[in-house]
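Each chain, written out:
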There are 2 protein chains.
Amino acid sequence: MTHEHCMTTDWRSFGPDMLTPALRAALGVFVREGYHGTSIRSIAGAAGLSVPGLYHHHRSKQAILDAIVTATMTEMLAHSHAAEDDSDGTARGRFDNLVEALVRFHMERRDHAFLASTEMRSMDPQVLARHIAQRDEQQRLLEAAISDGVADGSFVSAYPADAARAVSSLCVSIATWYRPDGPLTEDEVIERHLDFARRIVGAA
Amino acid sequence: MTHEHCMTTDWRSFGPDMLTPALRAALGVFVREGYHGTSIRSIAGAAGLSVPGLYHHHRSKQAILDAIVTATMTEMLAHSHAAEDDSDGTARGRFDNLVEALVRFHMERRDHAFLASTEMRSMDPQVLARHIAQRDEQQRLLEAAISDGVADGSFVSAYPADAARAVSSLCVSIATWYRPDGPLTEDEVIERHLDFARRIVGAA
(Lines give C-alpha, C1' and ligand atoms only; values in the text may rest on other atoms or scores of the structure.)
Protein backbone atom coordinates (compact mmCIF):
# COMPACT_ATOMS: atom_id res chain seq x y z
CA MET A 1 0.00 0.00 0.00
CA THR A 2 2.85 2.37 -0.63
CA HIS A 3 2.11 5.33 -2.85
CA GLU A 4 4.11 8.33 -3.90
CA HIS A 5 1.48 10.59 -2.33
CA CYS A 6 1.24 8.57 0.85
CA MET A 7 2.78 10.55 3.68
CA THR A 8 1.04 8.61 6.39
CA THR A 9 0.66 4.91 6.98
CA ASP A 10 -2.76 5.42 8.58
CA TRP A 11 -5.03 7.79 6.71
CA ARG A 12 -7.65 7.55 9.46
CA SER A 13 -5.50 9.09 12.17
CA PHE A 14 -4.21 12.61 12.52
CA GLY A 15 -1.35 13.67 14.68
CA PRO A 16 -0.15 17.23 15.00
CA ASP A 17 -0.29 19.07 11.69
CA MET A 18 2.84 19.60 9.60
CA LEU A 19 3.18 23.29 10.42
CA THR A 20 6.17 24.80 12.16
CA PRO A 21 5.39 26.49 15.49
CA ALA A 22 5.60 29.91 13.79
CA LEU A 23 3.14 28.91 11.07
CA ARG A 24 0.81 27.37 13.64
CA ALA A 25 0.87 30.61 15.61
CA ALA A 26 0.14 32.55 12.42
CA LEU A 27 -2.80 30.26 11.66
CA GLY A 28 -4.33 31.11 15.04
CA VAL A 29 -4.03 34.84 14.46
CA PHE A 30 -5.35 34.63 10.87
CA VAL A 31 -8.38 32.63 12.00
CA ARG A 32 -9.14 35.12 14.77
CA GLU A 33 -8.46 38.41 12.99
CA GLY A 34 -8.56 37.58 9.27
CA TYR A 35 -5.64 37.96 6.87
CA HIS A 36 -6.00 41.70 6.35
CA GLY A 37 -6.60 42.27 10.05
CA THR A 38 -3.34 40.51 10.94
CA SER A 39 0.02 42.29 11.12
CA ILE A 40 3.43 40.67 10.86
CA ARG A 41 4.01 42.10 14.33
CA SER A 42 1.04 40.23 15.80
CA ILE A 43 2.18 36.97 14.17
CA ALA A 44 5.68 37.45 15.56
CA GLY A 45 4.20 38.16 19.00
CA ALA A 46 2.04 35.03 18.90
CA ALA A 47 5.04 32.98 17.76
CA GLY A 48 7.33 34.39 20.45
CA LEU A 49 9.68 35.77 17.79
CA SER A 50 10.99 39.19 16.94
CA VAL A 51 9.77 40.68 13.67
CA PRO A 52 13.25 40.23 12.09
CA GLY A 53 13.30 36.68 13.47
CA LEU A 54 10.00 35.94 11.71
CA TYR A 55 11.19 37.56 8.48
CA HIS A 56 14.30 35.39 8.63
CA HIS A 57 12.11 32.37 7.87
CA HIS A 58 9.24 33.95 5.93
CA ARG A 59 9.63 36.78 3.47
CA SER A 60 6.09 38.15 3.77
CA LYS A 61 2.61 37.71 5.26
CA GLN A 62 1.54 36.33 1.87
CA ALA A 63 4.32 33.72 2.00
CA ILE A 64 3.06 32.67 5.45
CA LEU A 65 -0.52 32.29 4.17
CA ASP A 66 0.80 30.33 1.19
CA ALA A 67 2.86 28.00 3.40
CA ILE A 68 -0.09 27.24 5.72
CA VAL A 69 -2.62 26.67 2.95
CA THR A 70 -0.26 24.59 0.82
CA ALA A 71 0.67 22.38 3.78
CA THR A 72 -3.01 21.98 4.61
CA MET A 73 -4.05 20.99 1.11
CA THR A 74 -1.02 18.70 0.75
CA GLU A 75 -1.99 16.88 3.93
CA MET A 76 -5.60 16.57 2.79
CA LEU A 77 -4.51 15.15 -0.56
CA ALA A 78 -2.06 12.74 1.10
CA HIS A 79 -4.84 11.36 3.30
CA SER A 80 -7.19 11.15 0.30
CA HIS A 81 -4.70 9.27 -1.86
CA ALA A 82 -3.84 6.93 1.00
CA ALA A 83 -7.54 6.33 1.66
CA GLU A 84 -8.16 5.50 -1.98
CA ASP A 85 -5.13 3.18 -2.11
CA ASP A 86 -6.36 1.44 1.02
CA SER A 87 -9.77 0.70 -0.54
CA ASP A 88 -10.78 -2.52 -2.30
CA GLY A 89 -10.35 -0.66 -5.60
CA THR A 90 -14.02 -0.67 -6.57
CA ALA A 91 -15.72 2.63 -7.34
CA ARG A 92 -17.87 2.23 -4.26
CA GLY A 93 -14.92 1.38 -2.03
CA ARG A 94 -12.86 4.29 -3.33
CA PHE A 95 -15.79 6.68 -2.93
CA ASP A 96 -16.49 5.58 0.65
CA ASN A 97 -12.85 5.92 1.69
CA LEU A 98 -12.45 9.30 -0.02
CA VAL A 99 -15.55 10.63 1.75
CA GLU A 100 -14.43 9.24 5.10
CA ALA A 101 -11.00 10.84 4.66
CA LEU A 102 -12.60 14.21 3.86
CA VAL A 103 -14.95 14.01 6.83
CA ARG A 104 -12.12 13.08 9.21
CA PHE A 105 -9.91 15.84 7.84
CA HIS A 106 -12.58 18.50 8.37
CA MET A 107 -13.25 17.34 11.93
CA GLU A 108 -9.51 17.44 12.76
CA ARG A 109 -8.32 20.50 10.85
CA ARG A 110 -11.13 22.97 11.42
CA ASP A 111 -8.98 26.10 11.64
CA HIS A 112 -6.87 25.07 8.64
CA ALA A 113 -9.99 24.44 6.57
CA PHE A 114 -11.58 27.72 7.65
CA LEU A 115 -8.49 29.67 6.59
CA ALA A 116 -8.19 27.90 3.24
CA SER A 117 -11.82 28.52 2.34
CA THR A 118 -12.25 32.07 3.67
CA GLU A 119 -8.99 33.67 2.55
CA MET A 120 -9.01 32.73 -1.11
CA ARG A 121 -9.87 36.42 -1.51
CA SER A 122 -6.51 37.35 0.02
CA MET A 123 -4.30 35.05 -2.06
CA ASP A 124 -2.02 36.47 -4.72
CA PRO A 125 -2.80 35.05 -8.18
CA GLN A 126 -0.03 32.41 -8.14
CA VAL A 127 -0.91 31.25 -4.64
CA LEU A 128 -4.59 31.13 -5.53
CA ALA A 129 -3.88 29.17 -8.70
CA ARG A 130 -1.93 26.53 -6.78
CA HIS A 131 -4.63 26.34 -4.12
CA ILE A 132 -7.35 25.87 -6.73
CA ALA A 133 -5.26 23.22 -8.49
CA GLN A 134 -5.00 21.24 -5.24
CA ARG A 135 -8.70 21.63 -4.52
CA ASP A 136 -9.51 20.52 -8.06
CA GLU A 137 -7.26 17.46 -7.67
CA GLN A 138 -9.33 16.50 -4.60
CA GLN A 139 -12.60 16.91 -6.47
CA ARG A 140 -11.30 14.95 -9.46
CA LEU A 141 -10.59 11.95 -7.22
CA LEU A 142 -14.19 12.05 -6.06
CA GLU A 143 -15.52 12.68 -9.55
CA ALA A 144 -13.53 9.75 -10.99
CA ALA A 145 -14.90 7.41 -8.32
CA ILE A 146 -18.44 8.65 -9.01
CA SER A 147 -18.08 8.34 -12.81
CA ASP A 148 -16.60 4.85 -12.50
CA GLY A 149 -19.49 3.93 -10.19
CA VAL A 150 -22.01 5.21 -12.72
CA ALA A 151 -20.26 3.17 -15.42
CA ASP A 152 -20.30 -0.07 -13.40
CA GLY A 153 -23.86 0.44 -12.18
CA SER A 154 -23.02 1.15 -8.53
CA PHE A 155 -24.17 4.76 -8.69
CA VAL A 156 -26.85 6.78 -10.47
CA SER A 157 -25.78 10.32 -11.23
CA ALA A 158 -26.46 12.46 -14.29
CA TYR A 159 -23.76 15.01 -13.37
CA PRO A 160 -20.81 13.45 -11.55
CA ALA A 161 -18.79 16.69 -11.42
CA ASP A 162 -21.62 18.53 -9.66
CA ALA A 163 -22.15 15.56 -7.35
CA ALA A 164 -18.43 15.59 -6.49
CA ARG A 165 -18.62 19.28 -5.66
CA ALA A 166 -21.75 18.73 -3.56
CA VAL A 167 -20.18 15.89 -1.57
CA SER A 168 -17.01 17.89 -1.12
CA SER A 169 -18.93 21.00 0.03
CA LEU A 170 -20.89 18.93 2.49
CA CYS A 171 -17.68 17.54 4.02
CA VAL A 172 -15.99 20.96 4.09
CA SER A 173 -18.95 22.43 5.97
CA ILE A 174 -18.34 20.01 8.85
CA ALA A 175 -15.41 22.21 9.90
CA THR A 176 -17.83 25.06 10.59
CA TRP A 177 -20.03 23.27 13.15
CA TYR A 178 -18.32 20.12 14.45
CA ARG A 179 -16.94 20.31 17.98
CA PRO A 180 -15.15 17.40 19.72
CA ASP A 181 -17.30 18.00 22.83
CA GLY A 182 -20.51 18.34 20.80
CA PRO A 183 -23.48 15.95 20.75
CA LEU A 184 -22.21 13.75 17.88
CA THR A 185 -19.25 11.39 18.17
CA GLU A 186 -16.69 11.24 15.36
CA ASP A 187 -18.10 7.88 14.31
CA GLU A 188 -21.63 9.28 14.12
CA VAL A 189 -20.49 12.22 11.99
CA ILE A 190 -18.68 9.82 9.65
CA GLU A 191 -21.59 7.39 9.44
CA ARG A 192 -24.19 10.07 8.73
CA HIS A 193 -22.10 11.87 6.14
CA LEU A 194 -21.27 8.62 4.39
CA ASP A 195 -25.02 8.04 4.25
CA PHE A 196 -25.69 11.52 2.81
CA ALA A 197 -22.82 11.20 0.32
CA ARG A 198 -23.96 7.78 -0.89
CA ARG A 199 -27.46 9.12 -1.36
CA ILE A 200 -26.19 12.10 -3.37
CA VAL A 201 -24.53 9.71 -5.84
CA GLY A 202 -27.47 7.33 -5.85
CA ALA A 203 -25.58 4.37 -4.39
CA ALA A 204 -27.73 1.30 -4.85
CA MET B 1 -51.03 33.87 0.30
CA THR B 2 -50.43 36.69 2.76
CA HIS B 3 -48.24 35.93 5.74
CA GLU B 4 -46.83 38.03 8.53
CA HIS B 5 -43.32 37.10 7.44
CA CYS B 6 -44.01 37.71 3.79
CA MET B 7 -42.16 40.81 2.69
CA THR B 8 -42.25 39.94 -0.96
CA THR B 9 -45.08 38.82 -3.19
CA ASP B 10 -42.70 36.76 -5.30
CA TRP B 11 -40.25 34.66 -3.33
CA ARG B 12 -38.49 33.56 -6.50
CA SER B 13 -37.31 37.02 -7.51
CA PHE B 14 -34.75 39.26 -5.90
CA GLY B 15 -34.45 42.95 -6.45
CA PRO B 16 -31.83 45.12 -4.81
CA ASP B 17 -31.16 44.07 -1.22
CA MET B 18 -32.65 45.96 1.70
CA LEU B 19 -29.40 47.66 2.69
CA THR B 20 -28.89 51.41 2.75
CA PRO B 21 -26.15 52.67 0.42
CA ALA B 22 -23.79 53.07 3.41
CA LEU B 23 -24.39 49.50 4.57
CA ARG B 24 -23.96 48.19 1.04
CA ALA B 25 -20.64 50.01 0.80
CA ALA B 26 -19.60 48.54 4.16
CA LEU B 27 -20.51 45.05 2.94
CA GLY B 28 -18.15 45.46 -0.01
CA VAL B 29 -15.25 46.50 2.21
CA PHE B 30 -15.91 43.76 4.77
CA VAL B 31 -15.99 41.09 2.07
CA ARG B 32 -12.72 42.37 0.58
CA GLU B 33 -10.73 43.09 3.74
CA GLY B 34 -12.46 41.15 6.50
CA TYR B 35 -14.10 42.69 9.56
CA HIS B 36 -10.91 43.22 11.53
CA GLY B 37 -9.07 44.47 8.45
CA THR B 38 -11.73 47.15 7.88
CA SER B 39 -11.59 50.61 9.48
CA ILE B 40 -14.52 52.96 9.97
CA ARG B 41 -12.54 55.37 7.82
CA SER B 42 -12.43 52.95 4.89
CA ILE B 43 -16.19 52.28 5.19
CA ALA B 44 -16.87 56.03 5.23
CA GLY B 45 -14.64 56.44 2.19
CA ALA B 46 -16.42 53.68 0.26
CA ALA B 47 -19.79 55.18 1.23
CA GLY B 48 -18.78 58.70 0.21
CA LEU B 49 -19.37 59.95 3.76
CA SER B 50 -17.24 61.66 6.35
CA VAL B 51 -16.40 59.61 9.43
CA PRO B 52 -18.73 61.76 11.59
CA GLY B 53 -21.39 61.41 8.91
CA LEU B 54 -21.13 57.62 9.10
CA TYR B 55 -21.20 57.69 12.91
CA HIS B 56 -24.35 59.83 12.74
CA HIS B 57 -26.21 56.77 11.42
CA HIS B 58 -24.19 53.90 12.93
CA ARG B 59 -22.67 53.97 16.37
CA SER B 60 -19.88 51.44 15.69
CA LYS B 61 -18.34 48.99 13.22
CA GLN B 62 -20.05 46.22 15.18
CA ALA B 63 -23.43 47.91 14.74
CA ILE B 64 -22.79 48.03 10.98
CA LEU B 65 -21.94 44.31 10.87
CA ASP B 66 -25.06 43.59 12.93
CA ALA B 67 -27.30 45.66 10.63
CA ILE B 68 -26.00 43.94 7.48
CA VAL B 69 -26.20 40.41 8.85
CA THR B 70 -29.63 40.91 10.44
CA ALA B 71 -31.05 42.39 7.22
CA THR B 72 -29.56 39.47 5.28
CA MET B 73 -30.99 36.78 7.52
CA THR B 74 -34.36 38.57 7.71
CA GLU B 75 -34.56 38.63 3.92
CA MET B 76 -33.61 34.94 3.71
CA LEU B 77 -36.29 34.01 6.25
CA ALA B 78 -38.91 36.16 4.50
CA HIS B 79 -38.25 34.35 1.22
CA SER B 80 -38.30 30.98 2.99
CA HIS B 81 -41.62 31.63 4.73
CA ALA B 82 -43.14 32.96 1.51
CA ALA B 83 -41.87 29.91 -0.37
CA GLU B 84 -43.38 27.57 2.18
CA ASP B 85 -46.72 29.45 2.16
CA ASP B 86 -46.75 29.26 -1.63
CA SER B 87 -46.36 25.46 -1.61
CA ASP B 88 -49.20 22.92 -1.79
CA GLY B 89 -48.75 22.38 1.96
CA THR B 90 -47.46 18.81 1.71
CA ALA B 91 -44.14 17.94 3.31
CA ARG B 92 -42.65 17.34 -0.10
CA GLY B 93 -44.00 20.59 -1.52
CA ARG B 94 -42.76 22.61 1.45
CA PHE B 95 -39.34 20.94 1.30
CA ASP B 96 -38.93 21.59 -2.42
CA ASN B 97 -39.90 25.26 -2.11
CA LEU B 98 -37.68 25.80 0.94
CA VAL B 99 -34.70 24.30 -0.88
CA GLU B 100 -35.39 26.33 -4.01
CA ALA B 101 -35.63 29.51 -1.94
CA LEU B 102 -32.29 28.75 -0.26
CA VAL B 103 -30.59 27.97 -3.56
CA ARG B 104 -31.91 31.16 -5.16
CA PHE B 105 -30.90 33.24 -2.16
CA HIS B 106 -27.34 31.94 -2.21
CA MET B 107 -26.99 32.60 -5.95
CA GLU B 108 -28.28 36.18 -5.53
CA ARG B 109 -26.73 37.23 -2.24
CA ARG B 110 -23.23 35.78 -2.44
CA ASP B 111 -21.42 38.59 -0.64
CA HIS B 112 -24.08 38.79 2.07
CA ALA B 113 -23.89 35.05 2.66
CA PHE B 114 -20.08 35.09 2.70
CA LEU B 115 -20.05 37.82 5.35
CA ALA B 116 -22.66 36.12 7.53
CA SER B 117 -20.83 32.79 7.50
CA THR B 118 -17.23 34.00 7.80
CA GLU B 119 -17.60 36.75 10.39
CA MET B 120 -19.46 34.89 13.11
CA ARG B 121 -16.03 35.02 14.81
CA SER B 122 -16.25 38.81 14.89
CA MET B 123 -19.78 39.15 16.29
CA ASP B 124 -20.34 40.35 19.84
CA PRO B 125 -22.23 37.79 21.94
CA GLN B 126 -25.66 39.42 21.55
CA VAL B 127 -25.24 39.86 17.81
CA LEU B 128 -24.02 36.29 17.46
CA ALA B 129 -26.93 34.96 19.51
CA ARG B 130 -29.48 36.72 17.27
CA HIS B 131 -27.69 35.51 14.14
CA ILE B 132 -27.69 31.92 15.37
CA ALA B 133 -31.37 32.19 16.31
CA GLN B 134 -32.22 33.28 12.77
CA ARG B 135 -30.08 30.53 11.25
CA ASP B 136 -31.73 27.98 13.55
CA GLU B 137 -35.19 29.22 12.52
CA GLN B 138 -34.22 28.52 8.90
CA GLN B 139 -33.02 25.01 9.72
CA ARG B 140 -36.13 24.27 11.79
CA LEU B 141 -38.33 25.01 8.77
CA LEU B 142 -36.36 22.45 6.78
CA GLU B 143 -36.27 19.98 9.64
CA ALA B 144 -40.06 20.22 10.16
CA ALA B 145 -40.68 19.56 6.47
CA ILE B 146 -38.32 16.57 6.59
CA SER B 147 -39.83 15.14 9.79
CA ASP B 148 -43.35 15.56 8.41
CA GLY B 149 -42.23 13.84 5.22
CA VAL B 150 -40.80 10.93 7.20
CA ALA B 151 -44.07 10.69 9.12
CA ASP B 152 -46.23 10.63 5.97
CA GLY B 153 -43.91 8.25 4.12
CA SER B 154 -42.61 10.76 1.56
CA PHE B 155 -39.06 10.73 2.94
CA VAL B 156 -36.70 8.23 4.56
CA SER B 157 -34.34 9.81 7.07
CA ALA B 158 -33.13 8.48 10.40
CA TYR B 159 -31.84 11.91 11.51
CA PRO B 160 -33.92 14.80 10.13
CA ALA B 161 -31.98 17.49 12.03
CA ASP B 162 -28.67 16.35 10.51
CA ALA B 163 -30.30 16.06 7.10
CA ALA B 164 -31.63 19.63 7.46
CA ARG B 165 -28.15 20.87 8.31
CA ALA B 166 -26.66 18.95 5.37
CA VAL B 167 -29.18 20.36 2.90
CA SER B 168 -28.71 23.84 4.30
CA SER B 169 -24.89 23.58 4.13
CA LEU B 170 -25.10 22.39 0.55
CA CYS B 171 -27.23 25.41 -0.42
CA VAL B 172 -25.01 27.84 1.51
CA SER B 173 -21.93 26.56 -0.33
CA ILE B 174 -23.41 27.64 -3.65
CA ALA B 175 -22.50 31.23 -2.72
CA THR B 176 -18.82 30.26 -2.77
CA TRP B 177 -18.66 29.01 -6.38
CA TYR B 178 -21.70 30.14 -8.36
CA ARG B 179 -21.12 32.91 -10.89
CA PRO B 180 -23.87 34.38 -13.11
CA ASP B 181 -21.52 34.08 -16.11
CA GLY B 182 -20.44 30.53 -15.17
CA PRO B 183 -21.23 27.32 -17.06
CA LEU B 184 -24.48 26.52 -15.20
CA THR B 185 -27.69 28.51 -15.61
CA GLU B 186 -29.73 29.43 -12.54
CA ASP B 187 -32.31 26.82 -13.50
CA GLU B 188 -29.64 24.12 -13.77
CA VAL B 189 -28.24 24.99 -10.34
CA ILE B 190 -31.74 24.84 -8.86
CA GLU B 191 -32.64 21.58 -10.59
CA ARG B 192 -29.42 19.81 -9.58
CA HIS B 193 -29.54 20.97 -5.98
CA LEU B 194 -33.21 20.00 -5.67
CA ASP B 195 -32.12 16.57 -6.89
CA PHE B 196 -29.27 16.35 -4.34
CA ALA B 197 -31.50 17.62 -1.52
CA ARG B 198 -34.30 15.16 -2.31
CA ARG B 199 -31.77 12.34 -2.36
CA ILE B 200 -30.36 13.38 1.03
CA VAL B 201 -33.83 13.07 2.58
CA GLY B 202 -34.61 9.86 0.70
CA ALA B 203 -37.52 11.27 -1.30
CA ALA B 204 -39.40 8.38 -2.87
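As the structure is a prediction and not an experimental result, all values here were calculated from the model.

1. A look at the overall build of chain A
- The helix and strand inventory of chain A stands at nine helices and zero strands.
- Each helix (α) and strand (β) of chain A, taken in turn from the N terminus, gives the series α-α-α-α-α-α-α-α-α.
- On C-alpha atoms alone, chain A measures out to a radius of gyration of 18 Å, which is about the 17 Å that the 2.2 N^0.38 rule sets for 204 residues.
- Taking contacts inside chain A between residues at least 6 apart in sequence as the whole, the part at least 24 apart equals 73%.
- Total accessible area on chain A is roughly 8900 Å²; 52% of this is exposed by carbon and sulfur atoms.

2. Thoughts on the nonpolar core
- Membership of the largest hydrophobic core comes to 106 residues, with the highest contact counts inside it found for A:Phe95 and B:Phe95.
- For B:Phe95, the contacting residues outside a window of four places in its chain are B:Leu142, B:Ala145, B:Ile146, B:Phe155, B:Val167, B:Ala197, B:Arg198 and B:Val201.

3. Observations regarding the UniProt feature "domain: HTH tetR-type" (unreviewed entry) in chain A
- UniProt marks residues 16-76 of chain A with the feature "domain: HTH tetR-type" (unreviewed entry), using the numbering shown here.
- Annotated as residues 16-76 of chain A, this span is 72% helix and 0% strand, and its ends, taken at the C-alpha atoms, are 13 Å apart.

4. As for the interface of chain A and chain B
- Across the boundary between the two partners, chain A contributes 31 residues, which contact 31 residues of chain B.
- For the pair chain A and chain B, the summed buried surface comes to about 2600 Å²; carbon and sulfur atoms form 56% of the total.
- When the buried area of chain A at its contact with chain B is split by residue, A:Arg121, A:Tyr159 and A:Arg199 rank highest and sum to 26% of it.
- Where chain A meets chain B, there are two salt bridges.
- Across the pair A:Asp162 and B:Arg192 runs a salt bridge, and its minimum N-O distance is 2.7 Å.
- Listed by contribution, the elements that provide at least two residues to the side of chain A that touches chain B are helix H1 (21-33), helix H6 (110-118), helix H8 (160-177) and helix H9 (186-200) of chain A.
- In terms of residue class, the side of chain A that touches chain B is made up of 13 nonpolar, eight polar and ten charged.

5. As for the pattern of salt bridges
Residue and element names in this part refer to chain A.
- As enumerated under the stated definition, the model contains 28 salt bridges over all chains in all.
- The residue Arg-12 makes a salt bridge to Glu-100 at a minimum N-O spacing of 2.6 Å. One end of the pair, Arg-12, is in the segment before H1; the other, Glu-100, is in helix H5 (residues 91-108), with 88 residues separating them in the sequence.
- Take Arg-12: its relative accessible area is 37%, and that puts it in the partly exposed class.
- The class for Glu-100 is buried, based on a relative accessible area of 8%.

6. What to know about the packing of H9(A) against helix H9 (residues 186-200) of chain B
- Put simply, H9(A) and H9(B) touch, their axes get as near as 8 Å, and they point 130° apart. Put simply, H9(A) runs oblique to H9(B). In this structure, H9(A) crosses over H9(B), and the sense of that crossing is right-handed. Along its contact with H9(A), which presents A:Phe196, A:Arg199 and A:Ile200, the element H9(B) presents B:Phe196, B:Arg199 and B:Ile200.
- Residue classes in the contact of H9(A) with H9(B) are distributed as four nonpolar, no polar and two charged.

7. Re the relation of the copies chain A and chain B
- Mapping chain A onto chain B leaves a residual RMSD of 0.0 Å; the transformation is a rotation of 180° accompanied by 0.0 Å of translation along its axis. Within this description, the copies of the chain are treated as partners about a two-fold rotation axis. When C-alpha positions in chain A are compared against the rotation axis, the closest is assigned to A:Gly37, at 1.8 Å.

8. Thoughts on helix H7 (residues 125-151) of chain B
All names here are of chain B.
- Compared with an ideal rise of 1.5 Å per residue, which puts 27 residues at 39 Å, H7 spans 37 Å between its outermost C-alpha atoms and is within 8% of the ideal.
- Every buried residue belonging to H7 is among Val-127, His-131, Gln-134, Gln-138, Gln-139, Leu-141, Leu-142, Ala-145, Ile-146 and Gly-149, and all of these are buried.
- Buried residues along H7 sit in contact with helix H4 (61-85), helix H5 (91-108), helix H6 (110-118) and helix H8 (160-177).
- Gly-153, located one to two residues past H7, shows a positive phi value of around 85°.

9. Things to note about the packing of helix H1 (residues 21-33) of chain B against helix H2 (residues 40-47) of chain B
All names here are of chain B.
- Where H1 contacts H2, the two axes come as close as 8 Å, and the packing angle between them is 125°. By the criterion of interaxial angle, the relationship of H1 to H2 is oblique. The interaxial crossing formed by H1 with H2 has right-handed handedness. Facing Ala-22, Ala-25, Ala-26, Val-29 and Phe-30 of H1, the residues of H2 in contact are Ser-42, Ile-43, Ala-46 and Ala-47.
- Taken together, the residues of the contact of H1 with H2 sort by class into eight nonpolar, one polar and no charged.

10. Re H2(B)
All names here are of chain B.
- Among all positions in H2, only Ile-40, Ile-43 and Ala-44 are buried. The buried side chains of H2 occupy one side of the element, clustering within an arc of 100° when seen end-on. For H2, the exposed residues lying more than 90 degrees away from the buried face are Arg-41 and Gly-45.
- Buried-residue contacts for H2 involve H1, helix H3 (51-57) and H4.

Each value, and the rule that gives it
- Residues numbered from 1 in each chain as written.
- Chains lettered and ligands numbered in written order.
- Predicted model: local features only at pLDDT ≥ 70, side-chain atom pairs only at ≥ 80, totals over all residues.
- Heavy atoms only, no water.
- Helix = DSSP H or I, 4+ residues; strand = E, 2+ residues; numbered from the N terminus.
- Rg over C-alpha atoms; globule rule 2.2 N^0.38 Å.
- Contact = heavy atoms within 4.5 Å.
- Areas by Shrake-Rupley, 256 points an atom, 1.4 Å probe, with all protein chains shown as cover.
- Core = buried A, V, L, I, M, F, W, Y, C linked by side-chain atoms within 4.5 Å.
- Buried < 20%, exposed > 50% of the residue type's maximum accessible area, 1.4 Å probe, protein only.
- UniProt positions renumbered as here; feature names shortened; annotations may be inferred.
- Buried area = accessible area lost by both parts, 1.4 Å probe.
- Salt bridge = Lys/Arg side-chain N within 4 Å of Asp/Glu carboxyl O.
- Nonpolar A, V, L, I, M, F, W, Y, C, P; charged D, E, K, R; others polar.
- Axes fitted to C-alpha atoms, helices over the stretch in contact; angles between N-to-C directions.
- Parallel < 35°, antiparallel > 145°, perpendicular 65-115°, else oblique.
- Left-handed = near helix turned anticlockwise from the far one by under 90°.
- Least-squares fit on C-alpha atoms with pLDDT ≥ 70 in both.
- Expected span 1.5 Å × (residues − 1).
- Arc of directions from axis to C-beta.

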